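Residue-level listing of the chains:
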Amino acid sequence: MGFVEEIKRSLTVAPFECAWGEELRFGEPGRGCVAFEASAQNDVTLVFRQQPGSQHYHYKMDSSRHYTVILGSHRNKRLRIEVDGSTVVDVAALGLCCSSSFQAYWISIYDGLISIGQGRHPNTNLLFQWLDPDPNPNVQYVGLSSWDKHVGYRKISILPAAPQNSILWNHIEYAYADSDQRLCCGKRGFRDDSDQRLLADFLESWDFSDAVFVVGIERKVVPAHKIVLCASGDFPFQMADGATIELPSVSYPVLHSLLEYIYTGLTQVAEWLLSSLLELSSNFNVKSLVKCCEEIINCLEVDNKLSESSRILKLSSSGFQDHKFGSFPLKTPVDAQKIGQFLGNGKHSDINIHVNGHGLVAKGHKLILSLWSVPLAKMFTNGMKESSTSDVFFKDVPPEAFFLLLQFMYYGELKLDTRDITSVLVELLLLSDQFAITVLQFECCKRIMECLSEDTVCSVLQAVSSIPSCKLLEEVCKRNFATHFDYCTTACTDFVLLDEATFKDILQHCDMTVTSEERVLDAILTWCMGTCETFYWTSVDKLLRTSTPEQLFGERLSAIDTLLPLVRFPLMQLSMLKRMERSNLANQIQAFRQLVAEAIEFSHAGHWTPTSYECERFQHRRSSYKEFQYISDGDSNGVIYYAGTSFGKHQWMNPVLAKNITVVASSPNYRHTDPKALVSKNYQGTCFAGPCIEDGKKLSWWMVDIGQEHQLMCNYYTVRQDGSSTFMRSWVLQGSMDGWNWTSLRVHDDDATICHPGQFASWPIVGPPALLPFRFFRVALTGPAAGSVPNAWNLCICFLELYGYFR
């Protein structure tokens, strides 16, 4: 796992400077951890980049991607993370720094996951985590910097990388002074600091052994494991009873060196026994050891140092398997591909794995399963019936996910080739938690985050809320839900299955984004009803004419008082509040009545608002949408017109010329395919987009990009025919966040609405698509246009406007 190397110096960094050095470098690009002590009043600043910078680097431009972490920013009040100089995280964090004494911190980077904590031990006392959606895999140099005051650094250690909650963090302080002693070869059983077992623990162990060597004239019996030996070389275990290998002419020290090399990748041997070790490894075709012995012999011959001395020579494997996961327990000369093949053919298996309802799913090996899973290792060794039987039955496990779990144990990588993988990944995540395979947990979380969508976020949240080690994924899900609140609470009602604490966290999330506070109220009432039907506050109000709150909400009635204050009633229109004041909800639910009355009082207070109104429910949501409502064809109420005013800041000018939006056509620009014309207020006699081939199909389209900082939940759109008589009949309005993956918002098939040159036409967007925010929008012709020219594929529109909820 690499070395823990403490830099033997302390340093003080002057204001606006940065210290670099070759010793301040991760062992693996994109993965590493720095632990240190710092003394500062504020702004303990660390920079992570691909190459070391200059002394004043931190305050200069850099063309390569880099991260900056600032502890105690804003006079020791904030924690900040910057990517390429732009702030991506700025959160409250009081009292991080103290000038009177040194304090210990650690910062780790693992595939874009930046974790920050206090103390000397990574993954303990976690302060904050952030996952870069576009991680930089090459950062490896650490710069120690400052802001406007001196910062003292000492006890700086560059540590190996490990996933969150990985077993490797338990060994983070475990370092060897001698690089040749990196692996503990003689220790047996479970480790004191971690239950995880390594292959080295089974060296000459009788646990799960199914083969023996009888060595030397003294006929010493040495236990071994067929699957390990056969994955390392050619050992004669072809016959069913071929479990014993007689080696009468081989001494035990030579055999021990061979086995130690196979099980650990490291060994040592007396120089006078080197030739015997070469002969033995050649007989069993342990290629990497043969090569290692030959290289040492050749070097000794060249130096004329070959002798029969008892000098101890150290041999190490230079061909460790390159696995995706750093904690793969078979990082030895063992061929992982052969191990995987043994799962497929069942060779040398000692256990039949059954899944209830699906029968025998695999012939496995207790040794391999025990290397990965502590619960399974204990089950096979603590005297339970599984310890003595060759058949093991697993109940209530999904077979597809369980077989993926087995594949991971044997190959050391997660093999998924299906597109809709979220449900399988969630099942696999639960299994990895059940069997305590932390590395697989991390990989499942990472992959779920990569393919997380608004349609799957609820099911993922239900699963991970019960797994303490998946807090990062849980937070990502809550943020996704909060930022797509309308869709997640309207497209389906799976959110009613969330527990109260999780739902409350979403309602309080700082990125909560809604089109109206009524949506929040409706969602809370629907959750409290706990049914598979969406309820609006007006429908619940009607039900209360004939039912009591106890009958409607049942066990969740008590949650009403907790959740209703999270609705920002003061943001509602006064006319709506007056209706609520007269409702059955107000009559029968005291909390509702009090909150509505408070909101009405607030609206009457006007500018003379007392300090008691300073809590969050009287404030506008930071990330709420601005509504642009369709009134009539060609009006000035749309988003594109709003972009022409620089989003309400100036007089209107063409938004393409103002560079507030971008318009692109499927065909190259020329005088009749002019992006500026599509969003101008002037009628164009000829304005069209020509056809192109996309995914093997002919397509014509106009596309609008409303900008990287903006999104629109589109619920209406308008187009205008140009002066030609080529009318579109089959087309689609689509939305996208990246400009490549498109969602259909409204599909038109043989729609004859447009039938005159210069005609306006508008259509609503209904259903769940109207609740999803997008950055890119396009009108795409999906079939030939009608008109005087047969089979025409020109999209002849000279105007486009979009409406909905914009931010």
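Owing to the predicted nature of the structure, the values given are computational and were not obtained by experimental measurement. (Residues numbered from 1 in each chain as written. Predicted model: local features only at pLDDT ≥ 70, side-chain atom pairs only at ≥ 80, totals over all residues. Heavy atoms only, no water.)

J.: Got a sec to walk through the overall build of the protein chain? Specific residues and values, please.
T.: Looking only at helices and strands, the protein chain has 24 helices and 31 strands in total. The buried share of the protein chain, reckoned over its 807 residues, is 54%. Long-range contacts, defined here as pairs at least 24 residues apart, represent 67% of the contacts in the protein chain between residues at least 6 apart. About 36500 Å² of surface is accessible on the protein chain, with carbon and sulfur atoms providing 49% of the total. (Helix = DSSP H or I, 4+ residues; strand = E, 2+ residues; numbered from the N terminus. Buried < 20%, exposed > 50% of the residue type's maximum accessible area, 1.4 Å probe, protein only. Contact = heavy atoms within 4.5 Å. Areas by Shrake-Rupley, 256 points an atom, 1.4 Å probe, with all protein chains shown as cover.)

J.: Would you mind going over the sheet that holds strand S6 (residues 67–72) in detail, with residue names and values included?
T.: Reading across the sheet, the six strands line up as S3-S12-S5-S6-S7-S8 and stay open at both edges, with antiparallel pairing between neighbours. Edge positions in the sheet fall to strand S3 (18–19) and strand S8 (86–92), since each has one partner strand and no second. Note that strand S7 (residues 78–83) and S8 share six bridges and pair antiparallel. Bridging from a neighbouring strand, Arg-80 pairs with Asp-90 of S8. (Pairing = 2+ DSSP bridges.)

J.: Can you lay out the sheet that holds strand S20 (residues 359–364) for me, pointing to particular residues and giving the numbers?
T.: Spatial strand order, S20-S19-S21: three strands in an open sheet with mixed pairing. The sheet terminates laterally at S20 and strand S21 (391–394), the two strands that pair on one side only. The sheet shows a mean angle of 30 degrees between the axes of neighbouring strands, direction not considered. Pairing of strand S19 (residues 351–355) with S20, which is carried by five bridges, proceeds in the antiparallel orientation. Residue pairing in the sheet places Ile-351 in a bridge with Gly-364 of S20. (Axes fitted to C-alpha atoms, helices over the stretch in contact; angles between N-to-C directions.)

J.: Outline unusual backbone geometry, listing residues and values.
T.: For Asn-76, which is not glycine, the phi dihedral falls at a positive 65 degrees. Here Asn-76 lies in helix H1 (residues 73–76). One non-glycine residue with positive phi stands out, namely Glu-204, at about 55 degrees. Residue position: Glu-204 is located in the loop between strand S13 (151–159) and strand S14 (211–215).

J.: How would you summarise the packing of helix H20 (residues 574–581) against helix H22 (residues 590–605) if you had to cite specific residues and measurements?
T.: For the pair H20 and H22, the least separation of the axes is 10 Å and the interaxial angle reads 150 degrees. The handedness of the crossing between H20 and H22 is left-handed. Facing H20, whose interface residues are Leu-574, Leu-577, Lys-578, Met-580 and Glu-581, H22 presents Phe-592, Val-596, Ala-599, Ile-600, Ser-603 and His-604. Split into classes, the residues belonging to the contact of H20 with H22 amount to seven nonpolar, two polar and two charged. (Left-handed = near helix turned anticlockwise from the far one by under 90°. Nonpolar A, V, L, I, M, F, W, Y, C, P; charged D, E, K, R; others polar.)

J.: Explain the environment of Ser-288 to me, and be specific about the residues and the numbers.
T.: Positionally, Ser-288 belongs in helix H5 (residues 287–302). The sequence separation of Ser-288 and Ile-262 amounts to 26 residues, and the corresponding C-alpha distance is 9.6 Å. If sequence neighbours within four positions are ignored, Ser-288 has contacts with Tyr-261 and Pro-333.

J.: Give a description of the side chain of Glu-443 that names residues and reports values.
T.: One can find Glu-443 in helix H11 (residues 438–451). Judged by its relative accessible area of 4%, Glu-443 falls in the buried class.

J.: Describe in detail helix H9 (residues 399–411), supporting the description with residues and values.
T.: In this model H9 runs 18 Å from its N-terminal to its C-terminal C-alpha over 13 residues, within 8% of the 18 Å that 1.5 Å per residue would give. Judged by how many residues are buried, H9 sits mostly within the fold: 10 of 13 residues are covered. Those residues of H9 that fall on the buried side of the exposure criterion are Ala-401, Phe-402, Leu-404, Leu-405, Leu-406, Gln-407, Phe-408, Met-409, Tyr-410 and Tyr-411. Note on H9: the residue one or two positions beyond its end, Gly-412, has a positive phi of about 75 degrees. (Expected span 1.5 Å × (residues − 1).)

J.: Describe in detail the pairing of S21, supporting the description with residues and values.
T.: Of the two faces of S21, only one is covered, namely that formed by Val-392 and Phe-394; the face formed by Asp-391 and Phe-393 stays uncovered. Here four bridges tie S19 to S21, and the two strands are oriented parallel to one another. Of the residues in S21, the one forming a bridge with Val-355 is Phe-394.

J.: Give a description of the pattern of salt bridges that names residues and reports values.
T.: Taken as a whole and assessed by the stated rule, the structure comprises 20 salt bridges. A salt bridge links Lys-446 to Asp-111, with the nearest nitrogen and oxygen atoms 3.0 Å apart. Taken together, the residues Lys-446 in helix H11 and Asp-111 in the loop between strand S9 (103–110) and strand S10 (113–118) connect sequence positions 335 residues apart. One salt bridge connects Glu-475 with Lys-478, and the closest N-O pair in it is separated by 3.8 Å. Here Lys-478 and Glu-475 lie together in helix H13 (residues 471–483), a separation of three residues that amounts to about one turn. One connected set of salt bridges, linked through shared partners, spans Lys-471, Glu-474, Glu-475, Lys-478 and Asp-505. (Salt bridge = Lys/Arg side-chain N within 4 Å of Asp/Glu carboxyl O.)

J.: Before we move on, could you go through the packing of helix H12 (residues 457–464) against H13 and cite the residues and values that matter?
T.: Closest axis-to-axis distance for the H12/H13 pair is 10 Å, and the angle between their directions is 145 degrees. As for how H12 packs across H13, the hand of that crossing is left-handed. Of H13, the residues touching H12 (which contributes Val-457, Cys-458, Val-460, Leu-461 and Val-464) are Leu-473, Glu-474, Cys-477, Lys-478, Asn-480 and Phe-481.

J.: Any details on H12? Residues and values, ideally.
T.: Counted residue by residue, H12 has six buried out of eight residues, so it is predominantly covered. By the burial criterion, the buried members of H12 are Val-457, Cys-458, Val-460, Leu-461, Ala-463 and Val-464. Against the buried residues of H12 lie helix H10 (422–434), H11, H13, helix H14 (485–490) and helix H15 (500–507).

J.: Tell me about the nonpolar core, residues and numbers included.
T.: Counting residues in hydrophobic clusters, the biggest one holds 149 residues, and the most contacted among them are Phe-213, Phe-402, Met-409, Leu-521, Phe-569 and Phe-592. A per-element tally of this core places H9 first, with nine residues. Not counting residues within four places of it along the chain, the set of residues in contact with Phe-213 comprises Lys-220, Val-221, Val-222, Ala-224, Leu-229, Phe-235, Ile-245, Leu-247, Leu-255, Leu-259 and Phe-284. Judged by nonpolar contacts, the second largest core, of 50 residues, contains Phe-647, Ala-665, Val-719 and Leu-802. (Core = buried A, V, L, I, M, F, W, Y, C linked by side-chain atoms within 4.5 Å.)

J.: Go over the packing of aromatic side chains, please, and point to the residues and values.
T.: Summed over the entire model, instances satisfying the criterion amount to 33 aromatic pairs. With a centroid separation of 6.3 Å and 75 degrees between ring planes, the pair formed by Phe-213 and Phe-235 is classed as edge-to-face. Pair noted here: Phe-213 is in strand S14 and Phe-235 is in the loop between helix H2 (226–230) and strand S16 (244–247), with a separation of 22 residues, a long-range link. Taking the centre distance of 6.3 Å and the plane angle of 65 degrees together, the rings of Phe-213 and Phe-284 count as edge-to-face. Residue Phe-213 is located in strand S14, and its partner Phe-284 is located in the loop between helix H4 (274–283) and H5; the two are separated by 71 residues in the primary sequence. (Phe/Tyr/Trp six-rings, centres within 6.5 Å; stacked < 30°, edge-to-face > 60°.)

J.: Kindly report on the state of the cysteines, identifying the contributing residues and their values.
T.: Every disulfide links exactly two cysteines, by a covalent bond between their sulfur atoms. Counting across every chain of the model gives zero disulfides. With no disulfide of its own, Cys-470 has Cys-445 as its nearest cysteine by sulfur position, at a separation of 3.5 Å. Residue classification places Cys-470 among the buried positions, given a relative accessible area of 1%. Its sulfur unpaired, Cys-477 is 8.9 Å from the next cysteine sulfur, which belongs to Cys-445. We classify Cys-477 as buried; its relative accessible area is 0%. (Disulfide = S-S within 2.5 Å.)

J.: How would you explain the environment of His-150 if you had to name every residue and give the values?
T.: Considering the arrangement of structural elements, one finds His-150 in the loop between strand S12 (141–145) and S13. Through-space distance from the C-alpha of His-150 to that of Thr-12 is 6.6 Å; in sequence the pair is 138 residues apart. Apart from the residues lying within four places of it in its own chain, the contact partners of His-150 are Thr-12, Val-13, Ala-14, Pro-15, Ser-39 and Ala-40.

J.: I'd love a proper account of the confidence of the model for the protein chain, names of residues and values included.
T.: When pLDDT is averaged across the protein chain, the result is 84; 86% of the residues are at 70 or more. Within the model, the stretch residues 1–5 combines pLDDT values under 50 with 17 contacts to residues more than four positions away or in other chains. Overall, residues 164–194 carries pLDDT values under 50, and its contacts beyond four positions in sequence, including any with other chains, amount to 80 contacts. (pLDDT = per-residue confidence, 0-100.)

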